[in-house]
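Understanding the architecture of this molecule
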Amino acid sequence: FLKVQDGCDYKCTYCTIPLARGISRSDALENVLKNAYEISQQGIKEIVLTGVNIGDYGKGEFGNKKHEHTFLDLVKALDEVEGIERLRISSIEPNLCTEEIIDFVATSKHFMPHFHMPLQSGDNEILSSMRRRYKRDLYQERVTYIKHKMPHACIGVDVITGFPGESDEHFSNTYQFIQNLDISYLHVFTYSERDKTPAIHFKAAVPMELRHKRSELL
């Protein structure tokens, strides 16, 4: 597991990570490549790239907000490290998983055809309330494009049930959306309140029993 980035500049209403980890910042590309080479010299054959929001790689690389490098630059450079047989992206936001990144993974020498993309909700109203940076149509487009380029690709999905204001209709939209996605597996999370997050003040809290029921259905 090779950490390339930490922190997050996103402001999702349920999440405490920006409070705990701070702003988005990246390890220098040169240092990442040095670490990857040292890992390969230990006889380790697979590297999983980790971080809080790794698709945002490049921001804060040298202590500034400009992107000196992009995540695409990073994966292209890592693909050339000798001795590593497999490289894998741990998790990437759908709005940052660009067609260029997908195209590269499809033709790369060492990157696995595996994408884990958080969805959180399949309902646009709930996505807006969560302050996510995409709508369900974009998520569908990403999955379709991955499968077009790599029909055998493994796609994993994070989803949260019982977010404040999630009605039966909202949940049904999520359920049907996921059921129609060509994906491999789900990570299902039951929403839980977190201090110092905007969502803790949202009205229409979903009863805990119903949250768990929806999680079981997914």
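As shown above, the structure is provided for reference.
The shown structure was predicted, so the numbers you read here are calculated from the model rather than taken from an experiment.

About the criteria used
- Residues numbered from 1 in each chain as written.
- Predicted model: local features only at pLDDT ≥ 70, side-chain atom pairs only at ≥ 80, totals over all residues.
- Heavy atoms only, no water.
- Pairing = 2+ DSSP bridges.
- Helix = DSSP H or I, 4+ residues; strand = E, 2+ residues; numbered from the N terminus.
- Axes fitted to C-alpha atoms, helices over the stretch in contact; angles between N-to-C directions.
- Contact = heavy atoms within 4.5 Å.
- Expected span 1.5 Å × (residues − 1).
- Buried < 20%, exposed > 50% of the residue type's maximum accessible area, 1.4 Å probe, protein only.

**Some details on the sheet that holds strand E8 (residues 185–190)**
Read across the open sheet, the 3 strands follow the order E6-E7-E8; overall the sheet is parallel. The open sheet has two free edges, formed respectively by strand E6 (114–120) and E8, since each of these has just one partner strand. Geometrically, the sheet is characterised by an average inter-axis angle of 15 degrees between neighbouring strands, direction not taken into account. Here E6 pairs with strand E7 (residues 154–161) via 6 bridges, running parallel. For Gln 120, the partnering residue across the bridge sits in E7 and is Val 159. The strands touched by helix H6 (residues 136–149) are E6 and E7; relative to E6, the strand with the most contacts, the crossing angle is about 165 degrees. Contacts from helix H8 (residues 208–217) reach E7 and E8, with the element oriented near 175 degrees to E8.

**Topic: the sheet that holds strand E4 (residues 46–50)**
The sheet built from 3 strands is open, its strands ordered E1-E4-E5 with parallel pairing. Both outer strands of the open sheet, strand E1 (2–3) and strand E5 (86–89), are each paired with one neighbouring strand and no more. Sheet analysis places E1 next to E4, joined by 2 bridges and oriented parallel. Bridge pairing in E4 places Lys 3 opposite Thr 50.

**Comments concerning H6**
Look at H6: 20 Å from first C-alpha to last across 14 residues, which is about the 20 Å you get at 1.5 Å a residue. The set of residues buried in H6 consists of Tyr 139, Arg 142, Val 143, Tyr 145, Ile 146 and Lys 147.

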